[in-house]
Amino acid sequence: MSIWWSLHLRREAASVPLARRFLLGTMETAGVDPDICFDLSVALSEACANAVEHGGDRSGLVEHGGPGDRGERTDPRPGTSPADSGQYRVTAYLDGEMCRIEVADSGPGFPARRELTPAAAPCVAESGRGLDLIEQLADHVQFGNRPGRGAVVSFDKVLKWREGALLMV
């Protein structure tokens, strides 16, 4: 059995627990072991928090406040839309014995050294600890940049199933 879903979320703090709960609900319903559910949900939370904090250019965001305001933002760069800086995407695949999660944003991307060596950030740094935590919780992690389009964090973990899981392979 395979399960696949994708969420397009606003770069707002409230989106992080929403994504986490969506993943947990999917995995719990499928019958994934609770320890695996926890590890992946924490890793997803860290990736989403990074997308919210670093995933776009907030310099061109315009605050509105009138009735019916949907919080749309504008970006002064040619060829960009409100979604370019105001949203990020979470995609999850549960396929057989593996779960893969991808979080993509439209920010400036990772510095070159993060792309080349994921463990490059020192543990005492103010930032970057979330990426290290993702590496500890997942079996395989990739950090990459989409040229001119932002960063992507993808991570995999081998699934374990609860006894009698309905969707177990």
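- As named in an unreviewed UniProt entry, the chain is ATP-binding protein, taken from Streptomyces rhizosphaericola.

## A short note on the side chain of Asp105
So, step 1. Residue position: Asp105 is located in the loop between strand E3 (98–104) and helix H4 (112–116).
So, step 2. No salt bridge is formed by the buried Asp105; the nearest opposite charge belongs to Arg146, separated by 5.6 Å.
So, step 3. Other than its neighbours up to four places away in sequence, Asp105 contacts Ala51, Gly55, Tyr88, Arg146, Arg149, Gly150 and Ala151.

## Re the packing of aromatic side chains
So, step 1. The final tally for this structure, using the stated rule, is three aromatic pairs.
So, step 2. Judged by centre distance (6.3 Å) and plane angle (45°), the rings of Trp4 and Tyr93 are tilted. Here Tyr93 lies in strand E2 (residues 87–95) and Trp4 lies in strand E1 (residues 2–10), a separation of 89 residues in the sequence.
So, step 3. Classification of Trp4 as exposed rests on a relative accessible area of 55%.
So, step 4. Residue Tyr93 is classed as partly exposed on the basis of its relative accessible area, which comes to 30%.
So, step 5. Aromatic side chains Phe110 and Phe143 sit 5.5 Å apart centroid to centroid with 75° between the ring planes, which places their arrangement in the edge-to-face category.

## A few points about the nonpolar core
So, step 1. Grouped together as the largest cluster of nonpolar side chains are 40 residues, with contacts concentrated most on Leu40, Leu44, Tyr88, Ile101, Val103 and Phe155.
So, step 2. The set of elements that each furnish at least two residues to this core consists of E1, helix H1 (15–30), helix H2 (34–54), E2, E3, helix H5 (129–137), strand E4 (140–146) and strand E5 (150–158).
So, step 3. At 10 residues, the largest contribution of residues to this core is made by H2.
So, step 4. Other than its neighbours up to four places away in sequence, Leu44 contacts Ala19, Arg20, Leu23, Val90, Ile101, Val103 and Phe155.

## Points about the confidence of the model for the chain
So, step 1. Here the chain averages 79 in pLDDT, while 71% of its residues score no lower than 70.
So, step 2. Per-element confidence in the chain is highest for E3, whose mean pLDDT is 97, and lowest for H4, whose mean pLDDT is 50.
So, step 3. Here residues 58–83 is a poorly scored stretch, pLDDT under 50, and it has 24 contacts once near neighbours within four places are set aside; other chains count.
So, step 4. Contacts of residues 120–124 to residues separated by more than four positions or lying in other chains number six contacts, the stretch itself having pLDDT below 50.

## Concerning the sheet that holds E1
So, step 1. Spatial strand order, E1-E2-E3-E5-E4: five strands in an open sheet with antiparallel pairing. Both outer strands of the open sheet, E1 and E4, are each paired with one neighbouring strand and no more. Adjacent strand axes in the sheet meet at a mean angle of 10°, parallel and antiparallel pairs treated alike.
So, step 2. Alignment of E1 against E2, held across nine bridges, turns out to be antiparallel. Directly across from Ser6, in E2, lies its bridge partner Thr91.
So, step 3. Sitting on the sheet, H2 touches E2, E3 and E5, and the angle it makes with E5 is about 175°.

Definitions and cut-offs
Residues numbered from 1 in each chain as written. Predicted model: local features only at pLDDT ≥ 70, side-chain atom pairs only at ≥ 80, totals over all residues. Heavy atoms only, no water. Helix = DSSP H or I, 4+ residues; strand = E, 2+ residues; numbered from the N terminus. Buried < 20%, exposed > 50% of the residue type's maximum accessible area, 1.4 Å probe, protein only. Lys, Arg positive; Asp, Glu negative; His and termini not counted. Salt bridge = Lys/Arg side-chain N within 4 Å of Asp/Glu carboxyl O. Contact = heavy atoms within 4.5 Å. Phe/Tyr/Trp six-rings, centres within 6.5 Å; stacked < 30°, edge-to-face > 60°. Core = buried A, V, L, I, M, F, W, Y, C linked by side-chain atoms within 4.5 Å. pLDDT = per-residue confidence, 0-100. Pairing = 2+ DSSP bridges. Axes fitted to C-alpha atoms, helices over the stretch in contact; angles between N-to-C directions.

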